[in-house]
Amino acid sequence: MTVRSSKFRHIFGDKNVKSYNAIPVSKNAHEQPFCSVNPKFVAVVAEQIGGGAFLVLKTDRIAQVDCNTCKISKHNGPVYDIKWNPYNDNLIASACDDGLIRLFNITDERGVEPNHAPVQTLQGHGKRVGGILWHPSAENVLGSFSYDSTVRLWNAEKGQDFVTCQGFTNQITDMSFNYDGSQIVTTCKDKKIRIFDSHTGESALEAPGHDNMKVSRCVFLKDGKIFTAGFKTMSQRCCRLYDPRNMLKMLTELDLDSSTGSLFPYYDPDLNLIYLAGKGDSNIRFFEISSEGDQVHFLNQYSSGEAQRGLGQMPKRGLDSSINEIARFYKLNVAKKLVSVVPLKVPRQSKAFADDLYPNTVGLNAAMTADEFAEGKNSEPLLAPFLELQQATSTSKGFTATEKGDNSEEVAALRKEVADLKKTVTERDATISSLKADISQLQGKVETLESENGRLTAAAAETNGEDEIAELQKNGVDQAE
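Being a predicted model, the structure only gives us computed values, none of them experimental.

Enquirer: Explain the sheet that holds strand 14 (residues 160–165) to me, using residue names and the numbers behind them.
Expert: A sheet is described by the order of its strands in space; here four strands give the open sequence 11-12-13-14, paired in antiparallel fashion. Unpaired on one side and paired on the other, strand 11 (129–134) and strand 14 mark the two borders of the sheet. Between one strand axis and the next, the sheet turns through 25° on average, direction left out of account. As paired strands, strand 11 and strand 12 (residues 141–146) are joined by five bridges and run antiparallel to one another. Of the residues in strand 12, the one forming a bridge with V129 is S146.

Enquirer: How would you sum up unusual backbone geometry? Please name residues and give values.
Expert: Positive phi, normally seen in glycine, also occurs at N140, with a value near 60°. Along the chain, the position of N140 falls in the loop between strand 11 and strand 12. Relative accessible area serves as the criterion here: at 7%, N140 is assigned to the buried category. Unlike most non-glycine residues, N272 shows phi in positive territory, near 60°. Structurally, N272 can be placed in the loop between strand 23 (263–268) and strand 24 (273–278).

Enquirer: Any chance you could break down the pattern of salt bridges for me, citing the residues and the numbers?
Expert: As enumerated under the stated definition, the model contains 28 salt bridges in all. Of the charged contacts in the structure, one is a salt bridge between K7 and D356, with a shortest N-O distance of 3.5 Å. With K7 in the segment before strand 1 (12–13) and D356 in the loop between strand 29 (338–345) and strand 30 (361–362), the pair connects residues that are 349 residues apart, well separated along the chain. As a salt-bridge pair, R317 and D89 come within 2.7 Å of each other at their nearest N and O atoms. Highlighted residues: R317 in the loop between strand 27 (311–313) and strand 28 (325–333) and D89 in strand 8 (residues 88–96), separated in sequence by 228 residues. Accessibility classification places R317 together with D89 in one group, the buried group. When salt bridges with common partners are traced through the structure, they connect D211, K232, R240, E253 and D255 into a single cluster.

Enquirer: Explain the sheet that holds strand 18 (residues 203–208) residue by residue, including any values.
Expert: With respect to topology, four strands assemble into an open sheet ordered 15-16-17-18, the strand pairing being antiparallel. Two strands close off the open sheet at either side, each with one partner strand: strand 15 (172–177) and strand 18. Across the sheet, the mean angle from the axis of one strand to that of its neighbour is 15°, orientation sign disregarded. Where strand 16 (residues 183–188) meets strand 17 (residues 192–197), five bridges bridge the pair, whose relative direction is antiparallel. Looking across to strand 17, one finds that V185 is bridged to I195.

The rules behind the values
Residues numbered from 1 in each chain as written. Predicted model: local features only at pLDDT ≥ 70, side-chain atom pairs only at ≥ 80, totals over all residues. Heavy atoms only, no water. Pairing = 2+ DSSP bridges. Helix = DSSP H or I, 4+ residues; strand = E, 2+ residues; numbered from the N terminus. Axes fitted to C-alpha atoms, helices over the stretch in contact; angles between N-to-C directions. Buried < 20%, exposed > 50% of the residue type's maximum accessible area, 1.4 Å probe, protein only. Salt bridge = Lys/Arg side-chain N within 4 Å of Asp/Glu carboxyl O.

What follows is the structure in C-alpha cells.
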C-alpha cells in the first residue's frame, strides 16, 4: 500500500483518551455503527432485554453515567440505527426492528425525561428498518432502507413517505446521498450498486459492486464519485473508487486485510478525507482522495489496542480548532462498557488558526424545506465560516409535527376495536334478520287465526239465528194448541 506525501500524513490521536463509563453498548449483530454525535449530545444504542433502547449523553459531561436517567426505551424491538438531525441538534431519529422510525425531541434543559415519548412516528416499511440517513441540504427529510427491499424518503414533519425506491433482490446494506441530495446510491447483498433519482425513486444506474455477499457500504463523494468498502471474492477486505459515468471500470482498488468485520466509512467533504474503521478492529485508517478525484491514497492509521463495535463522528462545527482537531470519533467498546472520545489532530508549530484545515463547512441552516425538495428543488448545503460556527451557540429548536404519522400500537388497538365492533354488528344483524323472520311467521299465524275467528263468529251467529227461529216456532205451536 503506497503512502502519500500530504499535509495530513501525520494525523495522530491521543492514546490516553477520555471515556464515558458503564455504558451497556448493544451486543446486537446488526451491521450499523450504533452511535451518532452532534456538538450537544452523544447517542448510543444500548443493550436491553425486551424492546430496544438508546442512551443520550451530553458531550460536556464525560464521566460515569446513570443509564436509567438518560435512556429512551419507547421501542417494541431492537434499535438498529440512530441519527441526529444535521440542522436540529435536539432531534434524533431511531430505526427499529418493528418496522417503525421514531423521532424524539431532546431539550437542552430537561434532556431525557421519564417515559420520553416520540414526537413523530413514521410507518410504511413492511419489515425491520435497517438504516436511516438525513438529507444533506433539505430540512427534516429522512431516508431509510428496510428488509422489505425498499428505500424510502420521508417528510418528517408530516409523517409521510413521498418517494420509494425498489428493484432490490436481496438485503440493502447502505445508502448515501450525493452532495446536493438529488441522487441516492445504495449497496446490496445481491452485489449490485444502484443509483436512484431522489425525487422520483426511478433507477438511474445499476452496476456490479463488490464480489462478495458480505456487507458493503458506499459514500457519494462531493465530486460525484462513489467510494465503497467491502469484500472481495476470497473475503479479503478492500475499498474502491468508481466513476458513475463508467461503473464497469474501477478508478482505484486498495486491498486492506483479511479481517472479517464489516467496514464503516466516514467522509469529510471539506478536506476530501475518508476515515475507515472496521467492526471488531482496534484501528482507524485515514485516506485522502486525490485532487483529480481518481485515486485513493492511504495516509496513516490510529491504533488503540481496544476492539470497537462502532463509531460516531462529530460534525465539523463541533471540533476544537485550537488544537488543530480535524476529526473526533466516539468509539464503542462492548466488553469494557466504554464510549471513548478519540480526537484526531494535525500537528502544527504555529498556534494561529489553520485556515487550510478549516475551510467553510456545513452550517446550522438547511438550504431548503422538505416541501421544496418534494417539489423538485435541489441545492448544495449552505456553508459558513468555521470560526463563526464554533462561536455560535445552537439554540434548542424543538420540533413540531404538522401531521402525525401512525402509531402502530394505537392503530393496532383501534383496528382490533373496529373489527370487534364490526363482528358485533354482523351478529346483531343476523339476530335482527332472524327476529324479523319470526315476526313475519307470527304475523302470518295471527292473520290465519283472525280469519278462522271471523269464520267461526259468522258460523256461530248463523247457528244462533236458526236456534232462535226454531224456538219461536216451537213457542207458536204450543200457543196454538
